[in-house]
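# Reading the structure
One-letter residues, chain by chain:
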Amino acid sequence: MRKVTHYDFPSDKLSRPVKLAIVSDLHNEPFEDILPHLEGCEALLVPGDVANRYTRKYSRGVDFLKEAAKLLPTFYSVGNHELRLPDFQAFVKDAEKTGAELLINRFVSFGELTIGGWYLPGENFPVQDMLDDFEKQPGFRLLMCHKPHHAAQYLLDRDADLVVSGHAHGGQIQLFGQGLYAPGQGLLPKYTRGLYHSKLLVTAGVGNPCYMPRWFNPREIIHLTLG
């Protein structure tokens, strides 16, 4: 089951409200039920992991980007599952053909927003950093960063208005509002789902690539209203 979670994020940088959808961590699973939830949104953010590195497949993830891009502007940044595919460059070529805006350590303008995708340079990913240039852009600055612990470590002190992450899968099992485990954070992770430090929004994601079930931790699509 995939539920819709609503967030409002006030900002005086926008002349009118902007409604965005956020879909992370599809992991090459079926996506048809997601598409109706994009209706009424002005753009879609996909902060990584449309692929599944364990099965080494990504065709449905690419198809999701393609179908979503037919419905609304779609902005996509990579996650660790894409980077660990046997042929990352082949995946990139396929993703570039979907009509989605592929943001690999780069940013673009979208109305009064600047939307960027950032992945830690050097983590098997020797791409030049773009944060200095990003911070100089006008309007509301929004970054996608797949791993929330990297966002917390490297981006909270940077001049971004909002950072959107996934990766943690909601902590896999939620007990009394606490996630049990998240990749990169281990047991009792700090960043699993929700808004942290007033600027880091973590989605629990829509998929589950591992054998451990998701308990008390529904898969989620986010509707985010800025302004």
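In what follows, the structure referred to is the one given above.
Computed from a prediction, not measured in an experiment: that's the story for all the values here.

## Some details on the overall build of the chain
Along its length, the chain carries five helices and 16 strands. For 227 residues, the compact-globule formula gives about 17 Å, and the C-alpha radius of gyration of the chain, at 16 Å, lands near that figure. In terms of overall dimensions, the chain has a C-alpha envelope of 45 × 40 × 35 Å along the principal axes. A burial count over the chain gives 57% of its 227 residues as buried. For the chain, long-range pairs separated by at least 24 residues make up 65% of all intrachain contacts whose partners lie at least 6 apart in sequence.

## Quick word on unusual backbone geometry
Of note, the phi angle at phenylalanine 176 is positive, near 55°, even though the residue is not glycine. Topologically, phenylalanine 176 is positioned in the loop between β10 (174-175) and β11 (178-179). Phi angles above zero are rare outside glycine, and histidine 197 is one such case at about 55°. Along the chain, histidine 197 turns up in the loop between β14 (194-196) and β15 (200-202).

## Here's the deal with the nonpolar core
For soluble globular proteins, nonpolar side chains are generally found buried alongside one another. Ranked by size, the top nonpolar core spans 32 residues in total, and within it Val23, Ile34, Leu38, Leu44, Phe64, Tyr76 and Phe91 carry the most contacts. Counting only elements with at least two residues in this core, the list comes to β3 (43-47), α1 (59-71) and α3 (88-96). Excluding its chain neighbours within four sequence positions, the residues that come into contact with valine 23 are Ile34, Leu38, Leu44, Leu45, Val46, Pro47, Phe64, Val206 and Ile221. Ala43, Val108, Met144 and Leu226 belong to the second-largest nonpolar core, a separate cluster that totals 22 residues.

## Re α1
Compared with an ideal rise of 1.5 Å per residue, which puts 13 residues at 18 Å, α1 spans 19 Å between its outermost C-alpha atoms and is within 8% of the ideal. Where α1 is concerned, the buried positions are Gly61, Val62, Phe64, Leu65 and Ala68. When α1 is viewed along its axis, its buried side chains cluster within an angular range of 155° and face the same direction. Buried positions along α1 lie against β3, β4 (74-77) and α3.

Analysis parameters
Residues numbered from 1 in each chain as written. Predicted model: local features only at pLDDT ≥ 70, side-chain atom pairs only at ≥ 80, totals over all residues. Heavy atoms only, no water. Helix = DSSP H or I, 4+ residues; strand = E, 2+ residues; numbered from the N terminus. Rg over C-alpha atoms; globule rule 2.2 N^0.38 Å. Buried < 20%, exposed > 50% of the residue type's maximum accessible area, 1.4 Å probe, protein only. Contact = heavy atoms within 4.5 Å. Core = buried A, V, L, I, M, F, W, Y, C linked by side-chain atoms within 4.5 Å. Expected span 1.5 Å × (residues − 1). Arc of directions from axis to C-beta.

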